[in-house]
Amino acid sequence: AVTNASSIALRVVSAHRHALSETRVLGSLARQDVLRLLLAESRISARMPELKKLRRQGSFFRRLDQAIQGGRLAFAHFDEAGVYNERLELKFGPDPLREELQALAMAYETWLESLGLMDPPMVLRAAAALLDERGWPEAMAQPESIHICSVQAEESLERSFWDAVGRHVRVERIGLSGTPVTERGFSAPT
């Protein structure tokens, strides 16, 4: 089967939570609506003058969603996010827009969690944690191997997810030429 990391992660989360509830993942337009809702909240928007200036642009919410999604994929753990932030501050100095984006991303994630909703970075993080804590879900068929072919370098969160998968299933990366790039995770399936 041909699929992507988010789809496999969603299947892992859903299989582990089968008795609890259906896993609901927001698509791009729904995430943009959440961001609109959050920025319409006066307590939040009052603290975000830089975003308020940019909001006048036509594709603002689409680009804001892409920035928040991309930024949250860049780190697998919150300590790693802190290190990235320190490096950015050392190199470029403090940036009010970056601080507002971080605050908005935290409010966004808190809002999703409070309603039991998820987005792709949350699904990847949850799946990696479930695989590490509870193993491969019994309700999900376990493949012999997974072959990854991508033209993009993996972000840290996606790499963390594949590492967790690799502890249960053989994961092989294939270059565009069709030759293996690296192989990880050869532990015996549980």
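See the structure printed just above.
So, how was this worked out
Residues numbered from 1 in each chain as written. Predicted model: local features only at pLDDT ≥ 70, side-chain atom pairs only at ≥ 80, totals over all residues. Heavy atoms only, no water. Helix = DSSP H or I, 4+ residues; strand = E, 2+ residues; numbered from the N terminus. Expected span 1.5 Å × (residues − 1). Phe/Tyr/Trp six-rings, centres within 6.5 Å; stacked < 30°, edge-to-face > 60°. Buried < 20%, exposed > 50% of the residue type's maximum accessible area, 1.4 Å probe, protein only. Axes fitted to C-alpha atoms, helices over the stretch in contact; angles between N-to-C directions. Parallel < 35°, antiparallel > 145°, perpendicular 65-115°, else oblique. Left-handed = near helix turned anticlockwise from the far one by under 90°. Contact = heavy atoms within 4.5 Å. Nonpolar A, V, L, I, M, F, W, Y, C, P; charged D, E, K, R; others polar. 1 Å grid on protein atoms, 1.4 Å probe; cavity = no way out; pocket = protein on both sides within 12 Å on 5 of 7 lines; lining within 4 Å. Points joined across faces, edges and corners; volume = space filled by probe spheres on them.

Report on helix α6 (residues 78-92), specifying residues and quantitative values.
For the α-helix, the turn length of 3.6 residues means that residues three or four positions removed from each other point alike. Across its 15 residues, α6 extends 21 Å between first and last C-alpha, which sits within 8% of the 21 Å expected from 1.5 Å per residue. Looking at the residues trailing α6, positive phi occurs at Gly 93, about 85 degrees.

Any chance you could break down the environment of Leu 29 for me, citing the residues and the numbers?
With respect to the helices and strands, Leu 29 occurs in helix α2 (residues 28-40). When the C-alpha positions of Leu 29 and Phe 61 are compared, they lie 9.1 Å apart, and in sequence the two are 32 residues distant.

Pulling in residues and values, what's your account of the packing of aromatic side chains?
Across all of its chains, the model carries 3 aromatic pairs by this definition. Pairing Phe 60 with Phe 61 gives two aromatic rings, centres 4.9 Å apart and planes at 75 degrees, and the pair type is edge-to-face. On the basis of relative accessibility, which here comes to 4%, the residue Phe 60 falls in the buried class.

Give me the packing of helix α8 (residues 120-134) against helix α9 (residues 156-166): which residues, what numbers.
Here α8 crosses α9 at 30 degrees, and the two axes come no closer than 9 Å. With respect to each other, α8 and α9 are oriented roughly parallel. You can see that α8 and α9 cross each other, and the crossing is left-handed. Across from Pro 121, Leu 124, Arg 125, Ala 127, Ala 128, Leu 131 and Asp 132 in α8, the residues of α9 making contact are Leu 157, Glu 158, Ser 160, Phe 161, Ala 164 and Val 165. Looking at the contact of α8 with α9 residue by residue, the classes come out as 9 nonpolar, 1 polar and 3 charged.

I'd like to hear about the layout of surface pockets, residue by residue, with values.
Rolled over the atoms, a probe as big as a water molecule pinpoints where empty space is left. Here the largest pocket is characterised by a volume of approximately 760 Å³. For the lining of the largest pocket, the secondary-structure elements that each account for two or more residues are α1 (5-16), α8, β3 (145-149) and α9. In terms of residues, the lining of the largest pocket owes the most to one element, β3, which gives 5 residues. In the lining of the largest pocket, the residues fall into 16 nonpolar, 7 polar and 4 charged. Estimated volume of the second largest pocket: approximately 560 Å³. What lines the second largest pocket is a set of 20 residues, among which Gly 71, Phe 75, Ala 81, Gln 102 and Ala 105 lie closest to the centre. Put simply, the parts of the chain that give the lining of the second largest pocket at least two residues each are α5 (60-73), α6 and α7 (96-114). Here the lining of the second largest pocket takes 8 residues from α7, the largest share from any one element. The residue makeup of the lining of the second largest pocket, split by class, is 11 nonpolar, 5 polar and 4 charged.

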